[in-house]
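Here is what each chain is made of, one letter per residue.
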Amino acid sequence: RSTVSVLYWTFDKQEESKMTSIAYGRLIFCKEMNGGEVKPLHNMKVKLFDDDVGPDTLLAEAMTDMEGRFKFTYDPKAAGWLDTPDLKVMVYEVQPQYDKEKKLVTTDVPVTGYEPEVHNNVPLARFDFGDIEVKYWEYWPMAESYTPRLYVNPDKGFPLMQEQRPGRNAEEKKKGLEAAGVYFKPPMCKTQKEEMETPGASLGDDALVDMMLNGFNPCVPQKAADGRLYVEFKYDGILLDGVHHAPNTRAYFKYDKDKQLRLDTIELTDRIGGYQRGHDACLGEPVVYSAATSSAEDWAKVKRMWRVNYFLFGEVVTHLGGTHLNIEQYIVPMMRNVRLNPVFNLLFPHFYGTVSINHGADQLLTGGTALVPQGSAVTIDSVATAARGGFTTMNWDSWTPRSKLTQGHYFAELQAKFWEVIAQHVDEYFKEHEKEIVNQWKEIFLWSDELVKNGVPYTQQEDNYYDNSEANKASSPHPKVGHCNVSVSPITGVEALTAGNKKENLDRLKQLCRYLLLLTTFKHSWVNDTQYDIGGWPEFATLGLDFNILDPAHTNKDPVTEPIKKKHIVTTWFLRNQKWGYIMKNEAKDMHPRLRELLTAAGEQFASMNYDINDVRCCINT
C-alpha cells in the first residue's frame, strides 16, 4: 500500500524529510490559444502517479499555486518492489454535490481531453516536469465565433470540456428517438388548443398583447413620442437569404379607459434593392395597418408577420443569445480562473451542461440543415451577427427585473418574485462564506479580467423603454479593449479586498451572482418551455415566410412548406420536452439545499400566480 500525502507548494519541512524524492513543475494554459503567452493554470488539483500496466499507483497529491507551480514529495518505494517509478501528472477539476445531511462534498474529475506524458524509470531524487501545457477551457477565436465561447475542435485536440450529465444524456436519447419518428406523437400545443376551444383566444388582438408581455419572448416595450408603446423587430445590418419575406415590424399599443393595454397598429417596412444586403440595405416607407383601417383578412396576415418576427428574434436573440450564449461568456472565464473561491460552488451546478447544449445548438438550430437557416430569412453567418447584436443589450451590472406594465403582466410579477428568492439565497451564502470569498479574491479578479478582455463591443441603447431596469445602461462601466468599449462590465478592478473597498466589491459580485442564477434558472426555463406554444402550430407562427402573404399573387398559397412545418414542431417539442435537470427534483444532488428551501417556502406565492416551482430548471441544459 502506498502512502499518499496532500501537499501544497509551501509544504511542511518535517513531512518532507520522511520522503526521499521530489517532483515539481508548472501547469500552463495552451500557449497557442493564448497568443504565445505563458499563462499559469492556478489552483488546480494535480496527482502524481506511477504508470503501471494494471491500475496506476497514486504517489502524491498537490495543488498548483497562483503561478501554476506544483511540488510533490513522495516515496519511490511506493511504486513497488524493484519498480523504478514511471511518473505522470494527472490534472483534476473538483465538482460539488450535497449529501443526505445537506453537507457539501466534492469529487475529483479528470480534466477532459488531457493526456499526460509518461516519464519512464525516474530514479532521480528531484525531477522537474517543466511546463505542462493543458488545453483547458480555451477561448474560440473571436473572428470565428463572434461571441465569447469555448473552443471545440476535437481534430486539433480541443474537446468539448464538459459533456451533459449521464441522466440528462439518457433523457436526450429517449427524446431523440421520439423526434426521429420512432414514437414521436407531439401533443397539440397550448396556442392551437386554446384557439380551437375559444376562437380569438390565440389569434385575436388581445392575445397578441398577452404574448408580447408574457409569451415565449417577453418584451420590454419602448415609449413613442405620441404616448403609445411599441415593440419592433428589425433586420437592420443583418444579411438575409433573399428568399424569405422579412420586413421590419413595429407594433404599437395604447391604454384604454380602463388602463388595459390594447393593440393599436402594426407597421411593416420592407427593404429596397433586395434582401441580400446588410448594413447598406435601404428601407422603404413604413406601411401602417390596423383593425379599423385594414380588412379582416389583411389584419390577420399582418399579425402573423409580426408573430413570425417575434418568434425568430425570440429564438435567436432572447433564447439562444440572451440565455445560452450570454451565460457561456461568463462560464468560460469562470472555469478558467475560479476554483477555491466559494462562489464556484454557488454557480457551478447552474452552469453544468451549458457549453455542451450550446455546441449541440450549432447543429440543431443554426447549422446548415438546421431550423433557423432553412426556415427563416437569416443565413448561417447572420445568426451569429444577430446574436452578437443582442449581446450589446445584455449586462449584469445594475440589472433588475422589469416592473409590471399593466394588469395581467404576470411574467414581470413572477420574475420579480424569483429575483427576490435568489437575492436572499445569495445574501445568505455570502454571509456564510464571506471570509473565504475575500481570501480567494484574486480568482474573482482574474475572472473579471478575462470576461472583459473577451467582451463584445458595446452599442449604446436607446433609453426610451417603459422601464430601463434590464437595459445595458451607458452609466455602467464599459471598459475600452482595443479600439472599442465592451458590452460587459468588470466585476472588480482590484486583486485583493481591503476595509475600504470590500463592501463595494462584494456587492458587485453579489449582483453578478443574482443575475447569473436568474438567467440560468427562471429566465431560461420560461423561454425554453414556452417555445412549443409558438413552434407547435406553424399556421400561428414560424421563423419565416416564403413570400409576402399580403401579395394578391400568392392568395391561397401556403407560405411554409410541409418539411419546414414538421421541423418547427419536432425541434421546438424536442427542446421543450427534455425532462431532466430541475432545482426541486435535484437529480444530480448538486442543488444548494437552502435554495430549495427558499423556493419551497415561496411555493404558494408562485402557485397563486399559476406557476409551479417544480418547473424551474436548474441550468441551461436544453
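Scroll up to find the structure this text is about.
The present account deals with the structure reproduced in this document.

What counts and how
Note on numbering: residues in each chain are counted from 1, in written sequence order. For this predicted model, a pLDDT threshold of at least 70 governs which residues receive local features, and a threshold of 80 or more governs which side-chain atom pairs are given and counted, while totals over whole chains, interfaces and linings are taken from all residues. The basis for every side-chain value is the complete set of non-hydrogen atoms in the structure, without hydrogens or water. Ring geometry is summarised as follows: Phe, Tyr and Trp rings, the Trp one being its six-membered ring, pair when their centres sit within 6.5 Å, and such pairs are stacked at plane angles under 30 degrees, edge-to-face over 60 and tilted between the two. Going along the chain from the N terminus, every DSSP run of H or I of four or more residues is numbered as a helix, and every run of E of two or more is numbered as a strand. Only protein chains enter the accessibility calculation, which uses a 1.4 Å probe; a residue is then buried when its area is under 20% of its type maximum, exposed when over 50%, and partly exposed in between. A pair of strands counts as paired when DSSP detects no fewer than two bridges linking them. Residues count as neighbours in contact if any of their non-hydrogen atoms are within 4.5 Å of one another. Only the stretch in contact is used when fitting a helix axis, every axis being a line fitted to C-alpha atoms; angles between N-to-C directions are given from 0 to 180 degrees. When an angle is under 35 degrees it counts as roughly parallel; over 145 it counts as roughly antiparallel; between 65 and 115 it counts as roughly perpendicular; any other value is oblique. Helix crossings get a hand from a simple test, with the near helix turned counterclockwise from the far one by less than a right angle marking a left-handed crossing and a clockwise turn marking a right-handed one. Three classes are used: nonpolar for Ala, Val, Leu, Ile, Met, Phe, Trp, Tyr, Cys and Pro, charged for Asp, Glu, Lys and Arg, and polar for all others, with Gly counted as polar. For the purposes of this section, nonpolar cores are sets of buried Ala, Val, Leu, Ile, Met, Phe, Trp, Tyr and Cys residues that join through side-chain atoms within 4.5 Å.

## Quick notes on the packing of aromatic side chains
Overall, the coordinates contain 29 aromatic pairs when judged by the stated rule. Plain terms: the ring middles of F233 and W306 are 5.5 Å apart, the flat faces sit at 55° to each other, and that makes the pair tilted. Here W306 lies in helix α6 (residues 296-337) and F233 lies in strand β10 (residues 229-233), a separation of 73 residues in the sequence. We classify F233 as buried; its relative accessible area is 7%. Relative to F522, the ring of F411 has its centre 5.9 Å away and its plane inclined at 25°; by these criteria the two rings are stacked.

## As for the side chain of T392
Among the secondary structure elements, T392 is positioned in the loop between α10 (380-391) and α11 (410-439). When its relative accessible area of 11% is taken as the criterion, T392 is described as buried.

## A closer look at the pairing of strand β6 (residues 87-98)
Counting buried positions along β6 yields 10 of 12 residues, so the element is predominantly enclosed. One ladder, built from six bridges, connects strand β3 (residues 45-50) with β6; its direction is antiparallel. In the sheet register, K47 faces β6, and the bridge partner there is M90. Sheet topology note: the β6/strand β7 (residues 104-110) ladder contains seven bridges and is antiparallel. When the bridges of β7 are listed, P96 appears paired with T106.

## Thoughts on the sheet that holds strand β12 (residues 261-269)
If you trace the five strands from one edge of the open sheet to the other, you get β9-β10-β11-β12-β15, paired in antiparallel fashion. Either end of the sheet is taken by a strand with one partner, and the two such strands are β9 (222-223) and β15 (287-290). Inspection of the sheet shows β12 paired to β15 by four bridges, in the antiparallel sense. When the bridges of β15 are listed, L268 appears paired with V287. Where α6 meets the sheet, its contacts fall on β10, β11 (248-255), β12 and β15, and the angle it forms with β12 comes to roughly 85°.

## With respect to the packing of α6 against helix α13 (residues 502-529)
α13 packs onto α6 with a crossing angle of 150° between their chain directions and a minimal axis gap of 10 Å. Taken together, the axis directions place α6 and α13 in an arrangement best described as roughly antiparallel. For the pair α6 and α13, the sense of crossing is left-handed. Contacts between α6 and α13 involve T318, H319, G322, T323, H324, N326, I327 and Y330 from the first element and L512, Y515, L516, L519, T520, K523, H524, V527 and N528 from the second. For the contact of α6 with α13, the class distribution of residues is seven nonpolar, nine polar and one charged.

## Describing the nonpolar core
The biggest cluster of nonpolar side chains holds 154 residues, and the ones touching the most others in it are L48, Y136, W306, L347, F430, W447 and L509. Sort the elements by how many residues they give to this core and α6 lands first, with 19 residues.

## Notes on unusual backbone geometry
We note that W137 has phi near 50°; this positive angle belongs to a residue other than glycine. Turning to its location among the elements, W137 is positioned in the loop between β8 (126-134) and α2 (142-145). On the basis of relative accessibility, which here comes to 0%, the residue W137 falls in the buried class. For N556, which is not glycine, the phi dihedral falls at a positive 70°. Relative to the elements of secondary structure, N556 occurs in the loop between α14 (531-535) and α15 (562-576).

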